[in-house]
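Below, each chain spelled out in residue letters.
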Amino acid sequence: MDGNSSLDVYDEYEKLLIRMNTPKVVIDNAVCENATLVKVDSANKHGILLEAVQVLADLNLNINKAYVTSDGSWFMDVFHVTNENGEKLTDKGIMGYIEKTLATKPYILPLAGKPVGVAVATQNTAIELTGTYRPELLSEIFSVLSDLKCNVVEAEVWTHNRRAACLVYVTDEETGAAIEDPQKICKTQELLENVMRGNSGIQGAKTVVSVGFTPTERRLHQLMFADCDYEKLEPPPPLYGNGHNTKFLVTIDNCLDRGYSVVNVQCKDRPKLLFDVVCTLTDMEYVVFHATIDTEGPQAFQEYYIRHADGSPVNSEAEKQRVIQCLEAAVRRRASEGMRLELCTDDRVGLLSDVTRIFNEHGMSVTRAEVSTRGDKVSDVFYVTDTAGNPLETKTVEAVRQEIGHSILQVKDDCVNTKAPPREPVIQFSLGNLLKLKSERFLYNLGLIKSYS
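Residues numbered from 1 in each chain as written. Predicted model: local features only at pLDDT ≥ 70, side-chain atom pairs only at ≥ 80, totals over all residues. Heavy atoms only, no water.

Moving on to the overall build of the protein chain. A tally of helices and strands in the protein chain yields 12 helices and 16 strands. In the protein chain, buried positions account for 50% of the 453 residues. Contacts spanning at least 24 positions in sequence make up 73% of the contacts within the protein chain whose residues lie at least 6 apart. Accessible surface computed for the protein chain: about 21,800 Å², of which carbon and sulfur atoms make up 51%. (Helix = DSSP H or I, 4+ residues; strand = E, 2+ residues; numbered from the N terminus. Buried < 20%, exposed > 50% of the residue type's maximum accessible area, 1.4 Å probe, protein only. Contact = heavy atoms within 4.5 Å. Areas by Shrake-Rupley, 256 points an atom, 1.4 Å probe, with all protein chains shown as cover.)

Attention shifts here to the packing of aromatic side chains. Evaluation of the coordinates by the stated rule reveals 4 aromatic pairs. Residues Y260 and F289 carry aromatic rings whose centres are separated by 5.6 Å and whose planes lie at 50 degrees to one another, so their mutual orientation is tilted. With a gap of 29 residues between them, Y260 in strand β10 (residues 260–268) and F289 in strand β11 (residues 286–296) connect regions that are remote in the sequence. Taken individually, Y260 and F289 each receive the classification buried, so the pair is uniform in this respect. Feature note: the residues Y260, F289 and Y305 constitute an aromatic cluster, connected by ring pairs. Over the ring of F289 we find R307; its NZ or CZ atom is 4.8 Å from the centre of that ring. (Phe/Tyr/Trp six-rings, centres within 6.5 Å; stacked < 30°, edge-to-face > 60°. Lys NZ or Arg CZ within 6 Å of the ring centre and 35° of its normal.)

For the rest of this paragraph, the subject is the pairing of strand β2 (residues 36–43). Within β2, 7 of the 8 residues are buried, which leaves the element mostly enclosed by the surrounding structure. Pairing geometry for strand β1 (residues 24–28) and β2, over 5 bridges, is antiparallel. Looking at β2, one finds that V26 is bridged to K39. Here 8 bridges tie β2 to strand β4 (residues 74–82), and the two strands are oriented antiparallel to one another. Counted as the bridge partner of T36 is V81 from β4. (Pairing = 2+ DSSP bridges.)

Put simply, helix α6 (residues 216–226) and helix α7 (residues 273–283) touch, their axes get as near as 10 Å, and they point 55 degrees apart. In terms of axis orientation, α6 runs oblique to α7. When you trace α6 past α7, the crossing you get is right-handed. Along its contact with α6, which presents E217, R218, H221 and Q222, the element α7 presents F275, D276, C279, T280, T282 and D283. (Axes fitted to C-alpha atoms, helices over the stretch in contact; angles between N-to-C directions. Parallel < 35°, antiparallel > 145°, perpendicular 65-115°, else oblique. Left-handed = near helix turned anticlockwise from the far one by under 90°.)

Turning next to the packing of α7 against helix α8 (residues 317–333). At a minimum axis separation of 9 Å, α7 and α8 run at an interaxial angle of 145 degrees. Seen from above, α7 lies across α8 with right-handed handedness. On the side of α7, the interface is formed by L273, D276, V277, T280 and L281, while α8 contributes C326, L327, A330, V331 and R333.

Let us now look at the pattern of salt bridges. Tallied over the entire structure, the rule returns 22 salt bridges. A salt bridge links R134 to E136; the shortest N-O distance between them is 3.3 Å. Exposure remark for R134: the relative accessible area of 14% places this residue in the buried category. With a closest N to O distance of 2.8 Å, R374 and E154 form a salt bridge. Here R374 is found in strand β14 (residues 364–374), whereas its partner E154 is found in strand β6 (residues 150–160), with 220 residues between them in sequence. For R374, a relative accessible area of 58% corresponds to the exposed category. E154 sits in the partly exposed class, given a relative accessible area of 21%. Among the charged side chains, a network of salt bridges with common partners joins E217, R270, K272, D276 and R334. (Salt bridge = Lys/Arg side-chain N within 4 Å of Asp/Glu carboxyl O.)

For strand β12 (residues 299–308), the tally of buried residues reaches 9 of 10 residues, placing the bulk of the element in the interior. Pairing geometry for β10 and β12, over 8 bridges, is antiparallel. Opposite V263, over in β12, you have Y304 as the bridge partner. Bridge count between β11 and β12: 10 bridges; the pairing is antiparallel. Paired with T292 across the two strands is E303, which belongs to β12.

Time to look at the sheet that holds β2. Consider a sheet: its strands pair through backbone hydrogen bonds, and that pairing is either parallel or antiparallel. In space, the 8 strands of this open sheet follow the order β1-β2-β4-β3-β11-β12-β10-β9, with antiparallel pairing throughout. Looking at strand neighbours, the two that pair on one side only are β1 and β9 (249–255), the edges of this open sheet. This sheet shows a mean twist of 15 degrees between the axes of neighbouring strands, independent of strand direction. On top of the sheet, helix α2 (residues 48–58) reaches β2, β3 (62–71), β4 and β11; it is set at about 20 degrees to β4, its chief contact. This element, α7, spans β3, β4, β10, β11 and β12 of the sheet and lies at about 15 degrees to β12.

Looking now at the nonpolar core. Formed by 52 residues in total, the largest nonpolar core has its most connected members in L49, I63, F79, L102, L274, L281 and Y304. With 8 residues, α2 is the single largest residue contributor to this core. Setting aside residues no more than four positions away along its own chain, Y304 makes contact with S261, V262, V263, L274, V277, V278, L281, V288, H290, A291 and I293. Residues V157, A164, L341 and L409 belong to the second largest nonpolar core, which totals 42 residues. (Core = buried A, V, L, I, M, F, W, Y, C linked by side-chain atoms within 4.5 Å.)

Of the positions making up helix α9 (residues 351–361), those classed as buried are L351, L352, S353, V355, T356, I358 and F359. Of the residues trailing α9, G363 is marked for its positive phi of about 75 degrees.

Turning to the environment of L343, a few remarks are in order. Within the secondary structure, L343 is located in strand β13 (residues 339–346). In contact with L343, not counting residues within four places along its chain, are L351, V355, V378, S379, D380, F382, I404, I408 and L409.

Take the environment of E190 next. Here E190 shows up in helix α5 (residues 182–197). Judged by relative accessible area, E190 falls into the exposed class, the value being 52%. For the pair E190 and V208, spaced 18 residues apart in sequence, the C-alpha to C-alpha distance is 9.8 Å.

So, in structure tokens, the structure goes:
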């Protein structure tokens, strides 16, 4: 066989591997009355479930149901999704993006504890912050950045269990691009680390400055996990206040005959709940082999059959308790506490420093924040309480709005999306029973066939 023939055979083999390993994505609006089905079939690999869930989460889609199964080297997902209004997907652009991204452009997911850089974006400088939470923290962070002539382009802040994690993207005010001066980078890092350390010595503070872009929510989970926010310093408050009568329960049992550990999560349903749980399991090096996700009214039921990456189930009571604590923390981090305030106005350097200073002067504590800039406009969301974590008084909120501007700062009192989208009739079941059903019934539940008999 000559050299050209060998190359031809090699090229055909490469093409075969690509066809075998390229995920097949089907988006179906016909099977389910109240949701769009997104079906993904692909070769199995660690983290592939998170890749799919992250794509849907980044589009702010609700996952009302999901069925996951992997058999050896093959993997299948079926997601029942709706848009933010609880409706089927009709936007062809969004559906095309889902299909193209999942089928041809899988996400590159950073490993926990490793340097992060999904796609270099040299126009921004990324700043990662972790440390002890205190009410004035956010005001001090943005004040330092303003004094250093850094313009905040994007930012997200999470707080949990007296810890805080922030991911901030900034540009140099003079150049409008990433900070290139090494001395300015070192000074920024030093001053922000002092802010994060504060006057408390509960745990150390950490500041990392880099040029690049990170999947923000994935990285925040990693930062808080590395900061051990799951270690209970005091009894946690109810997951949702304000009269929500929903259970929050995480349990782990071993399925000895199959060599799995069965993780059950029951809590109030909310957007991106599935992402938060799967992200944490993946970062803890657990592999999800089978899963069912269901919702019934305001309640979510999640069941995962998992093994550690080395093939073993959860082996000890200590490991079991650690996994439970980490999953509880993953759910609580995004359970926004306090009143939701939305800030929409023209962008300017120092805006966030001024706004958060006013919050601080009026005794407000920011428990979570999302900052975004589009062109010359900012659209920011803050969840705020008083410094003791209690609901704010109306006169305090009105005083703040008076100072900032009523048309600029709007009150959105619902901390989470409480609009209940129309649901198809729900039958709660366990994957343990599902595995015993006939294949026709299984395919019906996955939405792959319209009837069984």
